[in-house]
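Chain and residue survey
What follows is the residue order along each chain.
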Amino acid sequence: MEMHVVAFIAIGGTLLFEGLIWAIFPGPTRQMYIGMLDQLDNKSLHLGGLISVILGIVLIGFAVN
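Residues numbered from 1 in each chain as written. Predicted model: local features only at pLDDT ≥ 70, side-chain atom pairs only at ≥ 80, totals over all residues. Heavy atoms only, no water.

Let us look at the overall build of the protein chain. Broken down by element type, the protein chain carries three helices and zero strands. Listed by position from the N terminus, the elements making up the protein chain come as α-α-α. If you line up the protein chain on its principal axes, its C-alpha atoms span 40 × 30 × 10 Å. By the burial criterion, 2% of the 65 residues in the protein chain qualify as buried. (Helix = DSSP H or I, 4+ residues; strand = E, 2+ residues; numbered from the N terminus. Buried < 20%, exposed > 50% of the residue type's maximum accessible area, 1.4 Å probe, protein only.)

Here's what the structure looks like:
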């Protein structure tokens, strides 16, 4: 199986399950996210975002090459 096919399956699966959670349980999901985000400071959120960006760049670079 080619790498782009695997990437599309992974992204599609993520969107599918994330969308299902929001579609079936919108209220509890919102409360869960609010509760989790209230516990984190901005520095932690920035660091998590930066790590996600770096991992995304590495994975895309790996898939392209």
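What follows concerns the environment of Thr14. Relative to the helices and strands, Thr14 is located in helix α1 (residues 3-24). In this structure, the C-alpha to C-alpha distance between Thr14 and Arg30, residues 16 residues apart in sequence, is 18 Å.

With that out of the way, let us pick up the layout of surface pockets. In this structure, the largest pocket occupies an estimated 220 Å³ of space. Those elements that provide at least two residues to the lining of the largest pocket are α1 and α3 (42-64). When residues of the lining of the largest pocket are assigned to their parent elements, the largest contribution, six residues, is made by α1. (1 Å grid on protein atoms, 1.4 Å probe; cavity = no way out; pocket = protein on both sides within 12 Å on 5 of 7 lines; lining within 4 Å. Points joined across faces, edges and corners; volume = space filled by probe spheres on them.)

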